Every structure is written in structure tokens, then in C-alpha cells.
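# Descriptive structure summary
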Amino acid sequence: MSSTSSGIGLLHLEDMEAGPAKVNDDLDNHLDPGADPSDPFDIAHTKNASPETLKRWRQAALVLNASRRFRYTLDLRKEEEKEQRKRMIRAHAQVIRAALLFKLAGEMQIVSGSPVASPVAAGDYAIGLEQLASMTRDHKLSALQQYGGVKGLSGLLRTNLEIGINGDEADLLKRRNAFGSNTYPRKKGRSFWRFLWEAWQDLTLIILIIAAAVSLGLGIKTEGLNEGWYDGGSIFFAVFLVIVVTATSDYRQSLQFQNLNEEKRNIQLEVMRGGRIVKISIYDVVVGDVVPLKIGDQVPADGILITGHSLGIDESSMTGESKIVHKDQKEPFLMSGCKVADGVGTMLVTGVGINTEWGLLMASISEDTGEETPLQVRLNGVATFIGIVGLAVAVSVLAVLLVRYFTGHTEDPEGNKQFIKGRTKFDDAFNDVVKIFTIAVTIVVVAVPEGLPLAVTLTLAYSMRKMMADKALVRRLSACETMGSATTICSDKTGTLTLNEMTVVEAFVGKKKMDPPADSSQLHLSVVSLLSEGVAQNSTGNVFVPKDGGDVEISGSPTEKAILSWAIKLGMKFDIIRSESTILHVFPFNSEKKRGGVALRQSDSEVHIHWKGAAEIVLASCSGYLDSNGCLQSMNEDKEFFKAAIDEMAANSLRCVALAYRLCEKEKVPTDEETFSGWVLPEDNLVLLAIVGIKDPCRSGVKDAVRICMDAGVKVRMVTGDNIQTAKAIALECGILSSAQDATEPTIIEGRVFRALPEKEREQVAKKITVMGRSSPSDKLLFVQALRKGGDVVAVTGDGTNDAPALHEADIGLSMGIQGTEVAKESSDIIILDDDFASVVKVVRWGRSVYANIQKFIQFQLTVNVAALVINVVAAISSGDVPLNSVQLLWVNLIMDTLGALALATEPPTDNLMHRSPVGRREPLITNIMWRNLLIQALYQVTVLLVLNFSGLTILHLKDDGIRQHAFEVKNTVIFNAFVMCQIFNEFNARRPEELNCFKGVTKNYLFMGIVGFTFILQIIIIEFLGKFTSTVRLDWQLWLVSLGIGVISWPLAMLGKLIPVPETPAAAYFIKPFKRCRRSRDA
């Protein structure tokens, strides 16, 4: 029965992971009615998006360097290859393993520093590696029986099944040398040279390299080697600089992602060593380890079942079949990488690392598949639009310059015509045409914002690294970004809003309230004996009593630890009690049933069945109770007393747990193992032993965190399996409920009531719910679906296996790092490492920061784009020449693209972010505030620089310069220098698009200050020392002051601009509405 209830949830999850089901597609369509089906970039949800949808936007994007642009998106072809490879490995595991071992031996590779022993029985162990691997891999039950079953095998491996291995360093080293370590050779990440190679795949850069080569050849031919190499060589140098800086930035990003991936793989688990439960990394598991298993765990290595109760394993990750396989002594083999779907058990590890099918699988496939985010897709759309405009401008400039040149309207600085039909040499004309073509191509380089979508990856990589320090591990990139749009957070109570440090503070035995709660002198010995038996045997926890008389060590879940600790104070001898009775059958604690039970056979053959669970649910099954004197009393008259006691404890924020038992007639107890597996433990006519109230105090900063969320427009809702009164008390304490008067239905509701509502009514009620008590995982899933249908962007916290469907369904699934099961973590998008709600709020803050940083970068980049394009276009059309040449434009592109992204996309989040409303899914990327700032700066730059272009000789007093060529070079150098200064100073403005003070916190952002300083110093070097390369001349201090002055003016101008009010209706709406109306009428 327990197997079925748990298995359904897991099967449902596997179906969803197999591919986006139609029900999900329908739900997403319902959620996003504003989506434009004709716009390939209009994707609000990339989580579970279909391959066709992802393929559509890739094909629609205007891309100059596909290998770089799509590096951090899902590789659809590789994903399919990966699935095929998985299937092949499942079918041919032995052959592949032999080939891989041969390859590793040939390369002299040592797996994780430990040599693998020869596969013969030798050394300290009576069984060899190959014998073990063969038995486990082929599931040879006959071989296991030949070794004497699991008990005999443990002897061969020198393991004590009761207390595990010694676990000292010498023992662990011997085991690793004999049987290998639990690691596998991983595919190496991309090298720096690979990033260099990808950076120069940009189509425009390749064209520029070809143009530079032609220019170099012609220059050397016409002007000689000493002078002729400058033009072509300078373009070569500029392109090389762009490639190196781009590759360096991308390489650093990839290292950050590699480190984060390593964190994801490093699973922590419990093993039994030396009689105590210890927590270790999955990489430290060795052959011979005894590993306890419970629902939601990942099987860490290949092994043999020692003991198990209702143990169901989901082997779909290895077999590809979504069905639960029940494990017992007839089917004892466990495969690494599978998940525990139901029940409890312990296993003996027999194979690790490369000697398991899971190890082979992991060693043979690449995990670097990438993933796109909604913002990334939208930015590709923006980049495509800007790129098309830029391409059109570049073609126009090319046409105008060529027409002007060949019609004799282009003059050199001395006033001479550059082309005279019949007189100009072919080489000279060809060289001039190459220069014109180079300018046009460079305009495309500047115009197509190739770095815009990549800035998302940059800011996400930075945010993910910083979020690790804030105790949040991002598993799915898009979640980090989507968190900025979250409108509601459905939080668990235990461990998230509370400390998860539980102690029993109240106890009722019979009608007697014990004071203090663990004073056994107030109880009859028979009551203490039954309580001790029920607590010790009906528990997944463990008690270790050191032989040297040290402190008792208790392990298990916080609730288990609290009850075990209470029982020890009552006088429970854990190991003695466990040895006095035999466990016949276990019904593991189930979040649907809210209780767990165990059947025990006493030494006198009497069978006791103990139950433990939610107080009011266990109480409902009780027909009597034992009083403190050990006398059996009828429950009929006193049930109301116990209900009142539970309500009183719950109102004081206590978690109420009841302990009960009953005798079972011997004839009703199954006699064979097969009948045992399907035996349903009797749960009626129970005798109540005790009700305990467990205190779990609220976390210290949770009230402030909830208030911050509320101020930020994010509704916090509590969804808990606890008693509705306990939930209400904690909600009031945390500030989720503002007053007791608010605690009326449907603001506070039980899961069963919500579940019973019709679907339409559920959607309406869901909006009003603040606290849901006694909820099951399926209630949580229904709640999430109802909220999403109502238009909310939902973040959900969860820690149990059955929470997996809700975590998968939510826009952002947040699993708990400490209490969370591996199944819950794998279904989630972000792991909260400290289980603290305050960390969830930090994730919201970082999510908003991602969006804000991208907007800062867009504003900065578009300002540069608009200014550079307008200046060059106007100058080309009017005079046939451009003030900013190819090398200068490439340097501007570097400032704008890579360095600008580094500076602005890595801004830390500000407090101001949490005073805004959540970012809407369809909110325009370029807001009215950004348009205002952008247009003011671009208009100023265009005006000043065009005035300098046309009247610069007069304004800068250069007409008196005897050499006209030099005067033109000085004027163009001032234009270039002033343009770069404008970008440097405007970078400060872009930091705070809405605030008057753009310098707030700037000195704390060392990366920003470093990049601005680096850009400024490099600009000085370019002007003063690299004039031959950039076609610039040295400037005196007065002209440097002029350039700086033009740049500085952008600061007060930005401040004045921020005083101009902007309309609330997005500017894009004025253009999009008529366009959509026109298209609708055309389609009709």
C-alpha cells in the first residue's frame, strides 16, 4: 500500500521528464494568452519547452558567430545523441567497460588517484574486484548464495553488517586500492584555445581579417614594407585584441560553470561506520560500506540489500522504464544512480565508480548540454532586430561611399579628388575600395550586438557564483532569472520558516500532563517499556553510545531526533530494546497518510504493532488509552479531552505527534515473505500511549524576510503538512498572517477542503489562501497549478520525494539542501543550501538583479550603437568620409561589448530592487525610462561629435595649422577621443538608470572600477603611442581637457534628464498595437 502511494508521484514525475506532455503544453498556453505565436522569440517559459519551439528561435536569429552565441543554449543535436548513447550503454555495458578500462590503462590514467587492482582474489580481501563486479552487474543470485548470501559476502569484504566498516584512513585506502574509488573519468572542459578558435568564427571578423590581408599586401606593394604595413597590420591587431579579450572573458565564465557543476554532483549521504551514522560525500563511498536508504535517496553505488521493508527502487535512469522495482532477498541487487521510490532499507556496497553501469554512463556522456533562458531568447530577438537595422545602415553607407568615390565626390584632406576616371591607378582605387568595404563591415560589427544575449550568461554566471555565498545553488540557469518575476512563494514551514531544531517540551501520557515532560518517575514501568519499544523500533533514526562514556549521538530527521532524545531521558536503552524484538514488517512514514508503523515479534511470540504520526490522525484510530499507571481506559468519553490538548499545544506553535500501539492476533500475521510484502498493518482499535508537543522555533530573520517580500510585491504563502492550528500560530509569528482576525477560511484552509473544491472554484480560492495546513504533496501540486492558471509566477519550496511533481510544475522549484531528498533536488531549479527562508528572499533579490543588470547593459550598448551609426552615416552621406575608422570602431566595440558587459552585468544587487513590483513576463526589455536616458545621451553625443566633424577645424582653432592633413587628423582624433570619453562617463550613468546619484556604491564594485580604469589607460596609450595603428595623432593637454569635458557633461545631463517624467504606457505599445491590429485584419 505504501509502495503504491509513493510510487505514483515518482512515476508521474518520470513521465513529465520524458518529454513535455500535452497537458503541460495546454497549461502553458493557458498561462500565457499574451504570447504571439508568430514571434519565434516570444517564449515566456523555457523550462520544459518543446524542441520545436527552441529550434524556431535559433533559426530566426541573425547570428554572426553561432558557436559563441549558442554556446550556453541547449544543444538539441547533442541531447539526442546523449539519449542514444545512454540506450547503447544499457545494452552493451560490459563491452564498453572493457574498452574504457583498456583506454585508461593505455593512457596511464588513474581514477581519482587510486590504482585499480588486478581482478583476482588477493590482498586483504577474500574476493576480487572482477568477481564482485560480475556478480552485481549480471545480478547473479547463485553467485551470491555461493558466497553465503549477504552475511557471507560481508565476511569476505571484512564488513560488520551491524556497525559497518572501521572507516579509518588506512582501511579506506586499502579498499580504494583493491576495488577502486567512487569516481569516474570526466570529459575535460573546453581549453582556452578552443575559446580562441570560437571567438574568431565571427563572420564579420573573418571578413575583416581578409580585408586586412588585402590591405596589407597592397600597402606593402605601393608604400614599401616600412610604411605600407600599418593600415592592414592595425586592423589585424585590433581584430586579434577583440578575439583575445572575448575568449578570455568566455573562458573565465566556463570555469565558473564547471565549478558550479561540480557542486551539483557532490551529493552528501549517510553511511554506517564504526557503529555511528556519518555524513560523507558520494565520492568517498567505498566497497564494504553499509548505507541506510530511505525514500528519495539516490543509490550511491552498486550493492546488495541487507534488510529492507517495502523498498521500491525507481530504475528508470538505468533501464529507461518508468516502473518501480521492489527489492527483497529474492531480488537484492541495487544499481548505482537509481532512486528510492518507497520504503526503507540498508545496503552493502559491492561496486563503485567505473565498475558500475552508472559510472560507465557518466564517463561516456558529456553533461555540458547548456540551457537557454527566456531573457536570452528575447535578447536574441532584440539583437536580431538591431542587427538587421545595422546591416541596412552598413549597406547604405557602403553604397553611398562607393557612389561618391567613383563619381569623384570624395576628397582627401588636401582637397584633392581621390578618384579621377582614367588617371587613378588600379592598385590605389582597389585599396580605397577595400578601405570603404572595411568601414562598412566594421559598422556591422558595431551594429550587431553579438554580446547582448551573451551578457545574460555573463550576469547569470556572476550571480550564480555570488548566490553560492548566499547559500543558494542554481541547478537551472533560467530559474535564477525567473525568480525576478516571482509574484508568490509557497513555502514549507518546518526547517524553512523554522530552525528545524526540535525538542519535546510537552507530553501527555493518558490524561496526565507530564512536568517535566521526560520524568519517568511519574509513569508505570509497563508504560515506559511500551513507549521505549515504540520509539526505538518505529524509527529511521539511530542512537550511538560511545564506549568511552562520551555524549550519546542521535541521528535521523529532526522530529525523530527530538522523540528519541525524549525517550532516552525516560530511560530507553536503544540497542537492548532493538535486540529484544524482531521487526516483521514496516510501513514507512508517508506524507499522504501522515503516519508510519512497524510490526514486532516479541521473545514470547506476541506481536505488537506500533504507530506514530500526526496526533489528530492517530487519535482518530484509537479506541482506548493507557493511563500513567498502565491501566487501559476507554477513549469514548475522553476523546474531546485529547483533542483539546492537541489544539492547545498546536496554538502554542507545537508540532503534535501521537504514539499508539495494538496487539495483533498471531493467526493474522503472514507466515511467508511474499504475503508479508503485501501485508497492510492493522490501524484500527489502537491504544494511545502518549501525545508529545515538539517545539521548533521560528528562524530569527524570517519575519524581516517575509516583510521584505511583501514590500517587493511577492506574496508569501505557507503550505505545511502540520496541524492547521500549528500552521496558524507559526504564520502569525512569522508575519505571514498579520493578525488572528485574518485567520478565517479561505485565508487559512486545510488541504482536504481545498482538494474537494471544483477546479474553477479552486482557481478563485487559491488567490485568497495564505496558509494551507494538513496538506499532502498532491494538494501542493493542485495549489501550484491553480496559482499559475491565475497568472502568478510561482516559486515553491519542497524537501520530500512526493514534493517532486510540485517542484517540477512550479515556475521555480526550490529544494532544501539539508533536509531535501535527492529526488526533490533533481526536480528543483535551485537548492537552498541552508534551508533558510531568508536565503529564498536573497534568490529573489539576485533574480531581479539579473534583469536590472541586463537593462543597464542594453541602455549603455544601444546608446553607443545609435551614436556610432548616426555619426558615421551622416558624415558618409554629407562628406563621403567617416570620422571613426575601422580600428577605432573595433576598439569602441570592445568597450561596448565585452568590457561593457563585464562592468555592468556584474553589478551587485541594490536595496532599491526590493522596493519595486515583480518584473512582468511580457514587460518590455527597454522601458520608457531607458528610452529617455538613451535618447538624451545619444542625441548629445551625436550633436557634439557632428558639430566637431563639420566645424571642428574652426572650433578647435586648427585652421591656422600649416599642414591641412595634420589638422584633419587632430580633429578626427578629438572626435574619436571624445566619443570614447562619452562612453566611459556614460557607463557610470548606466549603473543607476532611475536614481539621480549614479555613483552610489561604485567604489565597492572593484570590477567596474578596474574596467573603467583599464579602458581609460588603454585609451591614453592608443592616442599617445599607437597613432600609426589607429590613424590618430598625439593630443596636447588642452585637447585632452576638451575630450574629458565633453565626456563629463554627460553626468549633469543624465541627472537633468532623470527629472523628466515618462508615461506609464510602454513606448513599444504604441508601435506594436497598430502592427498587431493590421496583422489580425490581414489574417481575417
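Residues numbered from 1 in each chain as written. Predicted model: local features only at pLDDT ≥ 70, side-chain atom pairs only at ≥ 80, totals over all residues. Heavy atoms only, no water.

### So, the pattern of salt bridges
Scanning the model with the defined rule gives 39 salt bridges in all. The partner of Glu-198 in a salt bridge is Arg-194, and the shortest N-O contact between them spans 3.3 Å. One end of the pair, Glu-198, and the other, Arg-194, are both in helix H11 (residues 192-199), four residues apart, so they sit about a helical turn from each other. Between Asp-638 and Lys-511 there is a salt bridge, with its nearest N and O atoms 3.2 Å apart. Here Lys-511 lies in the loop between strand S10 (503-509) and strand S11 (512-513) and Asp-638 lies in the loop between strand S18 (632-634) and helix H25 (639-651), a separation of 127 residues in the sequence. Owing to a relative accessible area of 14%, Asp-638 belongs among the buried residues under this scheme. Put simply, Arg-662, Glu-665, Lys-668 and Asp-684 are held in one network by salt bridges that share partners. (Salt bridge = Lys/Arg side-chain N within 4 Å of Asp/Glu carboxyl O. Helix = DSSP H or I, 4+ residues; strand = E, 2+ residues; numbered from the N terminus. Buried < 20%, exposed > 50% of the residue type's maximum accessible area, 1.4 Å probe, protein only.)

### Focus: the packing of helix H34 (residues 837-879) against helix H35 (residues 886-904)
Helix-helix packing: each pair is described by the crossing angle between the helix axes and the interaxial distance. At their nearest, the axes of H34 and H35 sit 9 Å apart, and the two run at 170 degrees to each other. As far as their axial angle goes, H35 and H34 are roughly antiparallel. For the pair formed by H34 and H35, the contact residues are Asn-853, Lys-856, Phe-857, Phe-860, Gln-861, Val-864, Asn-865, Ala-868 and Asn-872 on the first element and Leu-889, Val-892, Ile-895, Met-896, Asp-897, Gly-900, Ala-901 and Leu-904 on the second. Per-class residue counts for the contact of H34 with H35 are ten nonpolar, five polar and two charged. (Axes fitted to C-alpha atoms, helices over the stretch in contact; angles between N-to-C directions. Parallel < 35°, antiparallel > 145°, perpendicular 65-115°, else oblique. Contact = heavy atoms within 4.5 Å. Nonpolar A, V, L, I, M, F, W, Y, C, P; charged D, E, K, R; others polar.)

### Observations regarding the sheet that holds strand S25 (residues 812-816)
The strand order across the open sheet built from eight strands is S8-S26-S25-S24-S9-S21-S23-S22, with neighbouring strands paired in mixed fashion. Strand pairing shows two members of the sheet lacking a second neighbour, strand S8 (472-474) and strand S22 (748-750), which therefore form its edges. Direction aside, the axes of adjacent strands within the sheet are offset by 20 degrees on average. Of the strand pairs in this sheet, strand S24 (residues 794-798) and S25 are connected by four bridges, and their pairing is parallel. If you follow Val-796 over to S25, its bridge partner there is Gly-813. (Pairing = 2+ DSSP bridges.)

### Details of the pairing of strand S2 (residues 276-281)
Where strand S1 (residues 268-273) meets S2, six bridges bridge the pair, whose relative direction is antiparallel. Paired with Val-271 across the two strands is Val-278, which belongs to S2. Between the end of S1 and the start of S2, which pair antiparallel, lie two residues, with Gly-274 showing a positive phi angle near 65 degrees.

### Focus on the packing of aromatic side chains
Scanning all chains against the criterion turns up 17 aromatic pairs. Look at Phe-587 and Trp-611: their rings are 5.7 Å apart centre to centre, the planes differ by 55 degrees, and that puts the pair in the tilted class. Within this pair, whereas Phe-587 is found in strand S14 (residues 582-590), its partner Trp-611 is found in strand S16 (residues 607-614), the two being separated by 24 residues in sequence. The exposure class of Trp-611 is buried, given its relative accessible area of 2%. Aromatic side chains Phe-985 and Trp-1051 sit 4.9 Å apart centroid to centroid with 85 degrees between the ring planes, which places their arrangement in the edge-to-face category. Residue Phe-985 is found in helix H37 (residues 964-991), and its partner Trp-1051 is found in helix H41 (residues 1050-1057); the two are separated by 66 residues along the sequence. Pairwise contacts between aromatic rings join Phe-985, Phe-988, Phe-999, Phe-1008 and Trp-1051 into one cluster. Above the plane of the ring of Phe-641 lies Lys-511, whose end atom (NZ or CZ) is 5.3 Å from the centre. Here the guanidinium or amino end of Arg-991 rests over the ring plane of Phe-1008, the centre of that ring lying 5.5 Å away. (Phe/Tyr/Trp six-rings, centres within 6.5 Å; stacked < 30°, edge-to-face > 60°. Lys NZ or Arg CZ within 6 Å of the ring centre and 35° of its normal.)

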